[in-house]
Amino acid sequence: MFAGKTDELLRLLRRASVGGRSVMLIRPSADTRSPAEVAESRSGARFDSIAVGSASDIVPTVMTARAEVIAIDEVEFFGYEVAAVADRLATDGYEVIVSGLDTDFAGRPFGALPNLLAMADSVTKLSAVCVFPGCGEEATRTQRLVNNEPAAIDDALIVVGGTEGAREPDRYEARCRTHHRVAPARHGTNLAFTSPEPEALTSPESGVSSSNGHDEFSLSELPAP
Ligand SMILES: [Zn+2]
């Protein structure tokens, strides 16, 4: 949250563009915080983008234009298969830059990010500052609050319409490990801190959309071989 993940991605794209390289920015259409054709960072930076519905749409989209650098933002929305897609593009000679959350609101490895981190040729990990009163340490976690209380371990992985507004009862905050809280399960057993099964990850097709929880960011760069 507030770590500047999209700003960093856009900076790399502008840098490549200034260097004379053709670039393409792909975003998940399930992320409705920005218009489909424009990626917008929290600081207001904008960049032309193409929104796609699923990871399987990425390669056909790349084939529609001549781009040398392919960036994929908010990769956690795409599910596990996006790691194979990014790897294929990198193997085919594209420079692939991927950004996304590496942990979910409960601090668990999130979707394809762990695989992308392992496969990337280089990784930049960004973090925000813990907003817990009096803290200010490096924030490596996303705190989700529901009615001003920590979300439960069995709450939905991605929440529709989450907000970052400081006065909202349902919101996300940047927190350090010490101040990160996860409430016990609301239903059934408490499966604390086990990684979710792949099918538990919500996909864009399931109708689940925007998550604004950005606490810890990983920027994986897979240069052309
Ligand atoms: Zn803290």
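Residues numbered from 1 in each chain as written. Predicted model: local features only at pLDDT ≥ 70, side-chain atom pairs only at ≥ 80, totals over all residues.

Our next topic: unusual backbone geometry. What you tend to see is this: most non-glycine residues have negative phi, and most peptide bonds are trans. Positive phi outside glycine occurs at Glu74, with the angle close to 50°. Within the secondary structure, Glu74 sits in the loop between β5 (69-72) and α3 (82-91). Look at Glu74 and you get buried, because 24 C-beta atoms sit within 10 Å. Positive phi, close to 50°, is recorded for Asn147, a residue that is not glycine. Taking the number of C-beta atoms within 10 Å as the measure of exposure, Asn147 has 7 and is therefore exposed. (Helix = DSSP H or I, 4+ residues; strand = E, 2+ residues; numbered from the N terminus. Buried ≥ 20, exposed ≤ 12 C-beta atoms within 10 Å, placed from the backbone.)

Mapped onto the elements of the fold, Val131 is located in the loop between β7 (122-129) and β8 (138-139). Expressed as a C-alpha distance, the spacing of Val131 and Ala174, which sit 43 residues apart in the sequence, is 6.0 Å. Residue contacts for Val131: discarding those within four places in its chain leaves Glu173 and Ala174. (Contact = placed C-beta atoms within 7 Å.)

A few words now on the nonpolar core. With 37 residues, the main nonpolar core has Ile70, Ala71, Ile72, Val82 and Ala86 as its most contacted residues. The set of elements that each furnish at least two residues to this core consists of α1 (5-18), β1 (23-28), β4 (50-52), α2 (58-62), β5, α3, β6 (95-101) and α4 (113-119). When residues in this core are grouped by element, the largest group, six residues, is from α3. Counting residues in each nonpolar core, the second largest holds six residues, with Ala3, Ala128, Ala139 and Ala174 among its members. (Core = buried A, V, L, I, M, F, W, Y, C linked by C-beta atoms within 7 Å.)

Take the pairing of β6 next. Counting buried positions along β6 gives seven out of seven residues, so the element sits mostly inside the fold. Residues Glu95, Ile97, Ser99 and Leu101 line one face of β6 and the alternating positions Val96, Val98 and Gly100 line the opposite face, and both faces are buried. In terms of strand pairing, β5 meets β6 through four bridges, oriented parallel. Residue pairing for β6: Ile70 is matched across the bridge by Val96. You can see the chain leave β5, run along α3 and come back into β6, and the turn it takes is right-handed. (Pairing = 2+ DSSP bridges. Right-handed = clockwise from strand over helix to strand, strands pointing away.)

Don't take any of this as a statement about function, it's just geometry.
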